[in-house]
Amino acid sequence: MKKVLVLVLSLVLVLGLAANASALTVAFSQIGQESDWRTANTDNVKAAIEEAGWELVYSDGQQKQENQIAALRSFITQGVDYILFTGVVNTGWEEVLTEVNDADIPLLLLDRIPDCADVIDYKVAFGGDFVEEGYRMVKWAGEYLKSIGRDEEVNVVIMEGTTGASAQVDRTTGNLKALEEYPNMKLVGQQSGNFTRAEGQAVMESWLKSIDKIDVLFAQNDDMALGAIDAIKAAGLVPGQDIIIVGCDSVKAAFEAIVAGDMNATIECTPLYGPFVIDAINKLEAGEEFDKTVIHPEEGVYDCVGGIECGGSVAVTSVKAADVIDQRQY
Ligand code: AHR
């Protein structure tokens, strides 16, 4: 009888421990829902956490830093087990992230890495290589122009993302770095379209009124490129021909625009961080540690997705939108 009782109690204890281990609460402070990329990123991370059987505490910051700061403080009060964090802008996070550290809640940085990353403690960081992406955007167009024999001076505009976001700051750095290699590209406009389709359309409308001739548009995300395409069509011009358009993200809507001939290329930046997050948390639970270099999940996917002229015309590995459109889920 005593043996049975011990057995039952041990079983209860083991089951209790197992239930505890699986009952992690993972909180996610997301920026908002400004783009197709962001929606795919949110859906992918949420689904992965739910599939892992963990509880998700989600907060949409609606593009406001103060909302994200309040969400982080609420996660601390709730005593969550892990915090996933993407900051809408680069700066102004040190105080609240130090509070996260003081509360001993493991922090995972996603997508945009804040400028205080050197002075706060985080467990692992997954983000885009934004400088490289910006560089590839311009490189693609420079090589494309060469491949079609256009070596005359061309007017280019850079439509930037949300001012102060690492994706904007670093893509601009990469854009400008590559422009130095193509002296025939003359920068005639540089303005934020805030990573949204509506603002991309508005900025392009205003450029078309104020700039005599635009030959190339570099849009730091595909949503802005798609908004600009609407403005270009409304002005009676032919997007993809009169104005060469290079975006960034590689969302399905951009592939469709490329296949339709409205857009010329887009650079890969994957939003699919979910599996990386789950793997990292499982490893952290098992006591593993990561070094502090930012992991780029897009590596090994495509470098650049372009139109029929794209293949082989640039130094990076290009694929044609028509060949990969069916594989793209977002
Ligand atoms: O931080 C990644 C960027 O943010 C994506 O390029 C853009 O679409 C999103 O809004």
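Residues numbered from 1 in each chain as written. Predicted model: local features only at pLDDT ≥ 70, side-chain atom pairs only at ≥ 80, totals over all residues. Heavy atoms only, no water.

S.K.: Where do I start with the site of the ligand in this structure?
M.R.: The environment of the ligand is formed by Glu34, Ser35, Trp37, Arg38, Asp111, Arg112, Phe130, Ala167, Arg171, Phe195, Asn221 and Asp249. Contact distances for the ligand include 2.8 Å between an oxygen atom and a side-chain N or O atom of aspartate 111. Here the ligand, which alone exposes 280 Å², has 100% of that area covered by the protein. Most atoms of the ligand, that is more than half of them, are within 2 Å of grid points of the largest cavity. Residue assignment for the shell around the ligand shows that the elements contributing at least two residues are α2 (36–51) and α6 (166–179). For the shell around the ligand, the class distribution of residues is 4 nonpolar, 2 polar and 6 charged. (Near = heavy atom within 4 Å. Polar contact = N/O pair within 3.5 Å; in protein donor to acceptor, adjacent residues only side chain to side chain. Areas by Shrake-Rupley, 256 points an atom, 1.4 Å probe, with all protein chains shown as cover. 1 Å grid on protein atoms, 1.4 Å probe; cavity = no way out; pocket = protein on both sides within 12 Å on 5 of 7 lines; lining within 4 Å. Sits in = over half its atoms within 2 Å of the grid points. Helix = DSSP H or I, 4+ residues; strand = E, 2+ residues; numbered from the N terminus. Nonpolar A, V, L, I, M, F, W, Y, C, P; charged D, E, K, R; others polar.)

S.K.: When you look at the sheet that holds strand β5 (residues 124–127) in this model, what are you seeing that I'm missing?
M.R.: Remark on secondary structure: sheet strands pair via backbone hydrogen bonds, oriented parallel or antiparallel. Strand order in the open sheet formed by 5 strands is β2-β1-β3-β4-β5, and the pairing between neighbours is parallel. One side of each edge strand has no neighbouring strand; the edge strands of this open sheet are β2 (55–60) and β5. Strand-to-strand twist of the sheet, defined as the mean angle between neighbouring strand axes without regard to direction, takes the value 15°. As paired elements, strand β1 (residues 25–30) and β2 share 6 bridges and run parallel to each other. By the bridge assignment for β2, serine 29 is matched with serine 59. Its contacts with the sheet place α2 against β1, β2, β3 (82–85) and β4 (107–111), and it is angled at close to 175° to β1. Along the sheet, helix α3 (residues 65–78) contacts β1, β2 and β3; its crossing angle with β1, the most-contacted strand, is approximately 170°. (Pairing = 2+ DSSP bridges. Axes fitted to C-alpha atoms, helices over the stretch in contact; angles between N-to-C directions. Contact = heavy atoms within 4.5 Å.)

S.K.: Can you help me understand empty space enclosed by the protein in this one?
M.R.: Taking a probe equal in size to a water molecule and rolling it over the atoms shows the remaining empty space. For the structure shown, the criterion picks out 1 cavity of 30 Å³ or more. Volume-wise, the largest cavity comes out at about 90 Å³. Lining the largest cavity are 13 residues, and of these Trp37, Arg38, Arg112, Arg171 and Asp249 sit closest to its centre. Those elements giving two or more residues to the lining of the largest cavity turn out to be α2 and α6. (Points joined across faces, edges and corners; volume = space filled by probe spheres on them.)

S.K.: Would you take a moment to explain the packing of aromatic side chains for this structure?
M.R.: Each pair of aromatic rings is reported with the distance of its centres and the angle of its planes. Counting across every chain of the model gives 5 aromatic pairs. With centroids separated by 4.8 Å and ring planes inclined at 20°, the aromatic side chains of tryptophan 140 and tyrosine 144 adopt a geometry described as stacked. Here tryptophan 140 and its partner tyrosine 144 are both found in helix α5 (residues 130–147), 4 residues apart, which amounts to about one turn of the helix. Lysine 177 extends its terminal NZ or CZ atom over the ring of tyrosine 135, reaching a point 4.7 Å from the ring centre. Between lysine 292 and the ring centre of tyrosine 122, over which it is positioned, the NZ or CZ distance is 5.4 Å. (Phe/Tyr/Trp six-rings, centres within 6.5 Å; stacked < 30°, edge-to-face > 60°. Lys NZ or Arg CZ within 6 Å of the ring centre and 35° of its normal.)

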